[in-house]
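Spelled out, the chains give:
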Amino acid sequence: MATSAILFVACGEQHLLPTTLMTTHISFLRYLNRTIQSINQRFAHIFCSQDEDAKHVRILREDGFERKCQLNAQDCSQNDKSFGGEKKGQHAVFNVLDTMLISSLERLKIMRENISLVKIGLQGYACECNNAKNAATIRFLCLEGKLVAALRLRRSMAQTGILPDVYTHNHIVNGLCKFGLMEKAGWLVREMSESGPRPSCATYNTLMKGYCAVNSIKKALDLFTTMSNTGIQPNKVTCNILVHALCEKGLLTKARKMLEEILSDDNGKVIPDLVASTIFMDKYFKNGESNRALGLWNEMIQKCTRVDVVAYNVLLNGLCLNQQVNHAYGYACEMLKNGFTPDVFTYNILIGALSKEGKISEAGYILGVMSKMGIMPDQISYRIMIQGLCLNGDIVRAKDLLLCMLNNFMVPKPIVWNLIIDFYGRCEDLRNAFFTRDLMLAFGVLPNVFTYNALILAQLKSGNIHDARYLKEEMPAKGLRPDVVTYNLLIGGACDIGDIDLARQLYDEMLEKGCEPDLITYTEFIRGFCIRGNTKDAEELYARILKSGLLSDHVPVQILFNMYCKLGEPIKAFNFYQDWLESKQDSNCG
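From a predicted model like this one, the values you see are computed outputs, not experimental measurements. Note that residues are indexed from 1 along each chain, following the sequence as it is written. Under the rules for a predicted model, residues below a pLDDT of 70 receive no local features and side-chain atom pairs below 80 are neither given nor counted, while totals for whole chains, interfaces and linings still include all residues. Hydrogen atoms and water are omitted, and side-chain values are computed over all heavy atoms in the structure.

## Details of the overall build of the protein chain
As a reminder of what qualifies: Working definition: helices are DSSP H or I runs of at least four residues, strands are E runs of at least two. Numbering for both runs from the N terminus. Accessible area is worked out with a 1.4 Å probe on protein chains only. A residue is then buried under 20% of its type maximum, exposed over 50%, and partly exposed in between. When checking whether two residues touch, look at their non-hydrogen atoms; a contact exists if any pair is within 4.5 Å. Each accessible area is a Shrake-Rupley estimate made with a 1.4 Å probe; only the visible protein chains count as cover when residues are assessed.
Summing up its helical and strand segments, the protein chain has 28 helices and two strands in all. For the protein chain, buried positions account for 41% of its 590 residues. Taking the intrachain contacts of the protein chain between residues at least 6 apart in sequence as the baseline, contacts between residues at least 24 apart amount to 57%. Accessible surface, the protein chain as shown: approximately 33,900 Å² in total, 55% of it carbon and sulfur.

See the structure below:
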């Protein structure tokens, strides 16, 4: 009966035990039941037998160790006075059984308590793991641009009373800023300030950068003030973000003052910052203030600011922009002497500057030096060289560089192919233009709008306007949309052959497709009218574009001027020129 009670208690508590431990307990109880039955059988034998020398041994297992408990029949003999006769002997046996059962129940109780503690611990650990997993999921969703799902998961965590850490929140703020959702990003940072976790300097820097990206400098500066008022110290990243934004706005003085305030030490001495100084130097060069930029560079050197390759690249690029290539060469040599190894950007700056000046041989020499120094030219290096060679009419070397790229397992981007196709088109070399297009397709590079425009120009140069129109019709099937250049080329081609009706048809189609005509469109029509000798329509169209304020260059005026000169009407030609000059002066005054 005691055994049944134990089994009943254990079965009533099964729902508290994990599956594995329940199996262990049931096995233990079964073992205990068999042991008790064995004892009953043994003691029954003792009670019936008169052999005092018979001994029976019971083995108990407790906590994984074996313990031998011997129970001699002699000790339980009916004649043994210590048991008080037959009845007392039986009582002694049942006392032993009671002690064993009580001990078993106590062990079961302790095991249940331990299991409950383990279960609570596992639940807490599982909860922590789940929160960490959710936070990692939020960061992954932000990197994938799935901000709606990230915000939904964050809200779900908040409803359970647990918020992700500031690092995870920074990912959300960064994702919102990248998509230009500044209002939502600002709301999230404010909620962090009110409910936690407390925003860090990185949080504010991310939001500031987002405001600067959407041209909200005032909000970025207000955020900088808020950041300081909340006791978060701005760092150099904060400074560089604001300095760059202010420089882009042309507020160099304000940016310089802010730099001094942020980077001043306790003695009021300004500590030069390399990144901020490089930003200032780049802006001075772009504004044409080479002397101020070089003065800032010398100031950095005198104050022992540790310059790097990026700073040298900004210096070289600025000098090249201001047509000071010789000075750039000098600083490049200084760069080498100071132990800085030029990178691909350094060489691209020099190659680009020499190509613009028409010094293609020197640019090619730099490209060769670059390879010998162990720095592989990139797409930009080859593009600059091929563009320079095409502008100088050296298509053979340009094609060789294209093949060199292919041999080096570097598939050129469409712009490189387009440069060569455009050159062949302008030279009326249709065969090589389309061969280059076919080679482009063979290497898996899809033509774009500029590719088609170059091929259309090639057809028009060869007098094949119908083939040029066919190329235009082919573009939508390739997922491309003709642009204003496409229509201007075709309208110009129609005007060249005197087909004004076709030009007007193309013009109407252009408007229908939502493509806005520009000055070149109308200039082509004026030229077409003049070719047909239709001076009236040419003058009316000229008057319309003059009144609209669209007229910005001298080409339409020159076309009409030349026409009236050929017609022997120089006074009328001069009047057109005079009207154009007056319109230019009025627009400048406005």
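Anyway, onward from the coordinates.
## Some words on the layout of surface pockets
Here is the rule: We place a 1 Å grid over just the protein atoms. Points where a 1.4 Å probe fits but has no way out form a cavity, open points with protein on both sides within 12 Å along at least 5 of 7 lines form a pocket, and any residue with an atom within 4 Å of a point lines it. Grid points are joined across faces, edges and corners, and a volume is the space filled by probe spheres set on the points. When residues are grouped by polarity, Ala, Val, Leu, Ile, Met, Phe, Trp, Tyr, Cys and Pro land in nonpolar, Asp, Glu, Lys and Arg in charged, and all others, Gly among them, in polar.
Taken as a whole, the largest pocket holds about 490 Å³ of empty space. Taken together, 22 residues form the lining of the largest pocket, with Asn317, Ile349, Gly352, Ala353 and Lys356 sitting closest to its centre. If you list the elements that add at least two residues to the lining of the largest pocket, you get helix 13 (309–321), helix 15 (344–356) and helix 17 (379–391). Per-element tally for the lining of the largest pocket: the top contributor is helix 15, with seven residues. For the lining of the largest pocket, the residue count by class is eleven nonpolar, eight polar and three charged. Here the second largest pocket defines a volume of roughly 400 Å³. For the second largest pocket, the lining is made up of 17 residues, of which Asn418, Leu419, Asp422, Arg426 and Ala454 are closest to its centre.

## Considering the packing of aromatic side chains
The following threshold applies: For this analysis, a ring pair means two rings from Phe, Tyr or Trp (six-membered ring only for Trp) whose centres lie within 6.5 Å, classed as stacked if their planes differ by under 30 degrees, edge-to-face if by over 60, and tilted for the remaining angles.
Inspection of the entire model under this criterion finds seven aromatic pairs. Taking 5.6 Å as the distance between ring centres and 90° as the angle between the ring planes, the aromatic pair formed by Tyr507 and Phe525 counts as edge-to-face. Here the residue Tyr507 occupies a position in helix 24 (residues 500–512), and Phe525 occupies one in helix 25 (residues 519–532), the gap between them amounting to 18 residues. Taking 6.3 Å as the distance between ring centres and 35° as the angle between the ring planes, the aromatic pair formed by Phe525 and Phe529 counts as tilted. One end of the pair, Phe525, and the other, Phe529, are both in helix 25, four residues apart, so they sit about a helical turn from each other.

## Section: a nonpolar patch on the surface
We apply this condition: Exposure above 30% relative accessible area and no salt bridge define the residues that can form patches, which grow by joining like charges within 9 Å and nonpolar side chains of Val, Leu, Ile, Met, Phe, Trp and Tyr within 5 Å. One speaks of a salt bridge when a side-chain nitrogen belonging to Lys or Arg is within 4 Å of a carboxyl oxygen belonging to Asp or Glu.
Together, Phe561, Phe574 and Tyr577 make up a nonpolar patch on the protein surface, roughly 280 Å² of accessible area in all. Following the sequence through the fold, Tyr577 ends up in helix 28 (residues 570–589).

## Notes on the nonpolar core
Rules: Definition of nonpolar core: a set of buried residues of the types Ala, Val, Leu, Ile, Met, Phe, Trp, Tyr and Cys, connected through side-chain atoms within 4.5 Å.
Core analysis: the largest hydrophobic core is formed by 107 residues, its most contacted members being Leu315 and Ile526. Tallying contributions element by element places helix 13 first for this core, with eight residues. Non-local contacts of Leu315, meaning those with residues more than four positions away in its chain, are made with Met281, Phe285, Leu294, Trp297 and Tyr331.

## Describing helix 9 (residues 236–248)
Quick reminder of the rule: What a helix should span is 1.5 Å times the count of its residues minus one.
Under the 1.5 Å per step criterion, the end-to-end length of helix 9 is 18 Å for 13 residues, consistent within 8% with the ideal 18 Å. Residues of helix 9 that are buried: Thr238, Cys239, Asn240, Ile241, Leu242, Val243, Ala245, Leu246 and Cys247.

## Remarks on the packing of helix 19 (residues 414–426) against helix 21 (residues 449–461)
In plain terms, the rule: Helix axes are fitted to C-alpha atoms over the stretch in contact, other axes to C-alpha atoms as well, and angles between N-to-C directions run from 0 to 180 degrees. We call two directions roughly parallel when the angle between them is under 35 degrees, roughly antiparallel when it is over 145, roughly perpendicular when it lies between 65 and 115, and oblique otherwise.
Direction vectors running N to C along helix 19 and helix 21 enclose 10°, while the axes themselves pass 8 Å from each other. Judged by the inter-axis angle, helix 19 sits roughly parallel to helix 21. Seen from helix 19, the contacting residues are Asn418, Ile421, Asp422, Gly425 and Arg426; seen from helix 21, they are Phe450, Thr451, Ala454, Leu455, Leu457, Ala458 and Lys461. For the contact of helix 19 with helix 21, the residue count by class is six nonpolar, three polar and three charged.

## Focus: the packing of helix 5 (residues 166–178) against helix 7 (residues 201–213)
The contact between helix 5 and helix 7 brings their axes to 9 Å, and the two run at 0°. In terms of axis orientation, helix 5 runs roughly parallel to helix 7. Here helix 5 contributes Val166, Asn170, Val173, Asn174 and Cys177 to the contact with helix 7, which in turn contributes Ala202, Thr203, Thr206, Leu207 and Gly210. Residues of the contact of helix 5 with helix 7, tallied by class, amount to five nonpolar, five polar and no charged.

## Here we look at helix 24
Compared with an ideal rise of 1.5 Å per residue, which puts 13 residues at 18 Å, helix 24 spans 18 Å between its outermost C-alpha atoms and is within 8% of the ideal. Where helix 24 is concerned, the buried positions are Ile500, Leu502, Ala503, Leu506, Tyr507, Glu509 and Met510. At the C-terminal side of helix 24, Gly514 shows a positive phi close to 80°.

## Concerning the environment of Glu516
Along the chain, the position of Glu516 falls in the loop between helix 24 and helix 25. What makes Glu516 exposed here is its relative accessible area of 64%. Counting along the chain gives 32 residues from Glu516 to Val484, while the straight-line C-alpha distance between them is 6.9 Å. Glu516 has contacts with Val484 and Met510, leaving out every residue within four places of it along the chain.

## With respect to the side chain of Asn170
Structurally, Asn170 can be placed in helix 5. Look at Asn170 and you get buried, because its relative accessible area is 14%. Setting aside its immediate chain neighbours within four residues, Asn170 contacts Ser200, Ala202 and Thr203.

## A look at the confidence of the model for the protein chain
The test is simple: Think of pLDDT as the predictor's per-residue confidence, scored from 0 to 100.
When pLDDT is averaged across the protein chain, the result is 77; 73% of the residues are at 70 or more. Per-residue pLDDT stays below 50 along residues 1–22; that stretch engages in 21 contacts with residues further than four places along the chain or on separate chains. Between residues 118–126, whose pLDDT stays under 50, and residues either more than four places distant or in other chains, the model counts zero contacts.

## Topic: the pattern of salt bridges
The full count for this structure, using the stated rule, is 13 salt bridges. Lys472 serves as the salt-bridge partner of Glu473, at 2.7 Å between the closest nitrogen and oxygen. Ionic pairing is found between Asp537 and Arg504, a salt bridge with its closest N-O pair at 3.9 Å. Of this pair, Asp537 sits in helix 26 (residues 535–548) while Arg504 sits in helix 24; the two residues are 33 residues apart in sequence, bridging distant segments of the chain. According to the relative accessible area criterion, Asp537 is partly exposed, its value standing at 22%. Arg504 sits in the partly exposed class, given a relative accessible area of 38%.

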